[in-house]
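Chain residues, written in single-letter form:
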Amino acid sequence: MKLKIFVSVLIVAVVGTIFLLKSNDNGGKVMAETKSNKKVLVAYFSASGVTAKVADKLAKATGADLFEIKPVQPYTSADLDWTNKKSRSSVEMNDRSSRPAIANKVTDMSKYDVVFVGFPIWWYREPSIIDTFMESYDFSGKQVIPFATSGGSGMGDSGSIMQKLAPKAKVDNGKRFSSGVLEKDLKTWASKWL
Ligand SMILES: Cc1cc2nc3c(=O)[nH]c(=O)nc-3n(C[C@H](O)[C@H](O)[C@H](O)COP(=O)(O)O)c2cc1C
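These numbers come from a predicted model, not from an experiment.

Once that is clear, we can look at the overall build of the protein chain. Check the secondary structure of the protein chain and you find six helices and six strands. Going residue by residue from the N terminus, the α and β elements of the protein chain occur as α-β-α-β-α-β-α-β-α-β-β-α. Here the protein chain holds 194 residues, and the buried ones make up 31% of them. For the protein chain, the share of sequence-separated contacts (at least 6 apart) that also reach a separation of at least 24 residues comes to 75%.

Rendered as structure tokens:
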């Protein structure tokens, strides 16, 4: 009788151990499939703070490093007057070769696999300073994803223009967000590339 009990306990212990090992196995597998080792950067330009807030949320949602693209010459409210054809932004946006200078530099762009690039839509596309940014680095093999805020316009041709400026990158068309977009919605959107 004692032997029977001993054998039963032994069987339960062996089966239990195998079961536990199996379930751990699966757990490990799931982790490996979902956890990304990609290094992610959120770089953005924001003239009046709206895109900055979305960029901040996106960086938090993705665990990315955050970099603000700062103009050497900051934009004043007169510069941003789109009703004035002679304002700085109007002049820059009317000249496709315009490349406003950037004051700062990403420390080591080579370490990033995925770069989100944020900006306000100006005249239905990316501001010229984003063109400067795209030409300032070697984006070879990197996934670049534009994102923007606007008064209502979509991304326009921003993605294809940026692709031409950084031909070795893989540039997505990206997405325009409203200023109140939630961190969890940004996370869902961004997960495609992470
Ligand atoms: C020079 C200029 C041009 C703009 N052009 C557009 C446009 O074509 N379509 C649009 O919906 N909003 C346009 N806007 C509005 C901005 O895209 C919008 O206010 C944006 O959220 C501002 O972001 P920021 O605070 O990060 O600079 C323009 C704003 C400026 C200053």
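So much for the structure itself; the text now carries on.
Now for the site of the ligand. Among the 20 residues in the neighbourhood of the ligand, the closest are listed as Ser 46, Val 50, Thr 51, Pro 120 and Gly 151. A total of three residues in the shell around the ligand trace back to one element, the largest contributor, which is helix α2 (residues 50-62). Per-class residue counts for the shell around the ligand are 10 nonpolar, 10 polar and no charged.

Of note in this structure, Trp 123 is not a glycine but carries a positive phi near 50°. C-beta crowding within 10 Å serves as the criterion here: with 15 such atoms nearby, Trp 123 is assigned to the partly exposed category. Of note, the phi angle at Tyr 124 is positive, near 70°, even though the residue is not glycine. Tracing the chain through its elements places Tyr 124 in the loop between β3 (114-120) and α4 (128-135).

Per-chain confidence: the protein chain averages 88 in pLDDT, with 82% of residues scoring 70 or above. When mean pLDDT is taken per element in the protein chain, β3 scores highest with 99 and helix α1 (residues 2-34) scores lowest with 45.

This part is about α2. The first and last C-alpha atoms of α2 sit 19 Å apart over 13 residues, in line with the 18 Å expected at 1.5 Å per residue. Along α2, the residues classified as buried are Thr 51, Val 54, Ala 55, Lys 57, Leu 58, Ala 59, Ala 61 and Thr 62. Structurally, α2 contributes buried residues whose contacts are with β1 (40-44), β2 (65-68), β3, β4 (143-149) and α6 (183-190). Immediately beyond the C-terminal end of α2, within one or two residues, lies Gly 63, with a positive phi of roughly 70°.

Of all seven residues that make up β3, seven are buried, and the element is covered over most of its length. In β3, alternate side chains face the same way, and those of Val 114, Phe 116, Gly 118 and Pro 120 on one face and Val 115, Val 117 and Phe 119 on the other are all buried. Both β1 and β3 contribute to a ladder of five bridges, which runs parallel. Bridge pairing links Val 40 to Val 114 in β3.

So, about the environment of Met 93. Tracing the backbone through its elements, the reader meets Met 93 in helix α3 (residues 88-94). Note on Met 93: 18 C-beta atoms within 10 Å, which makes it partly exposed. With 34 residues separating them in the primary sequence, Met 93 and Pro 127 have C-alpha atoms 6.9 Å apart. The residues touching Met 93, leaving out its near neighbours within four places in the chain, are Trp 122, Trp 123 and Ser 128.

As paired strands, β1 and β2 are joined by four bridges and run parallel to one another. Across the sheet, residue Leu 41 finds its bridge partner in β2, namely Asp 65.

This part takes up the nonpolar core. If you look at the biggest cluster of nonpolar residues, it comprises 39 residues, and the most contacted ones within it are Val 42, Ala 43, Leu 58 and Val 144. Those elements that provide at least two residues to this core are β1, α2, β3, α4, β4 and α6. In this structure, Ala 43 is in contact with Phe 67, Ile 69, Val 106, Val 115, Val 117 and Phe 133, ignoring residues within four places of it in sequence.

Reading the values: rules and limits
- Residues numbered from 1 in each chain as written.
- Predicted model: local features only at pLDDT ≥ 70, side-chain atom pairs only at ≥ 80, totals over all residues.
- Helix = DSSP H or I, 4+ residues; strand = E, 2+ residues; numbered from the N terminus.
- Buried ≥ 20, exposed ≤ 12 C-beta atoms within 10 Å, placed from the backbone.
- Contact = placed C-beta atoms within 7 Å.
- Near = placed C-beta within 6 Å.
- Nonpolar A, V, L, I, M, F, W, Y, C, P; charged D, E, K, R; others polar.
- pLDDT = per-residue confidence, 0-100.
- Expected span 1.5 Å × (residues − 1).
- Pairing = 2+ DSSP bridges.
- Core = buried A, V, L, I, M, F, W, Y, C linked by C-beta atoms within 7 Å.

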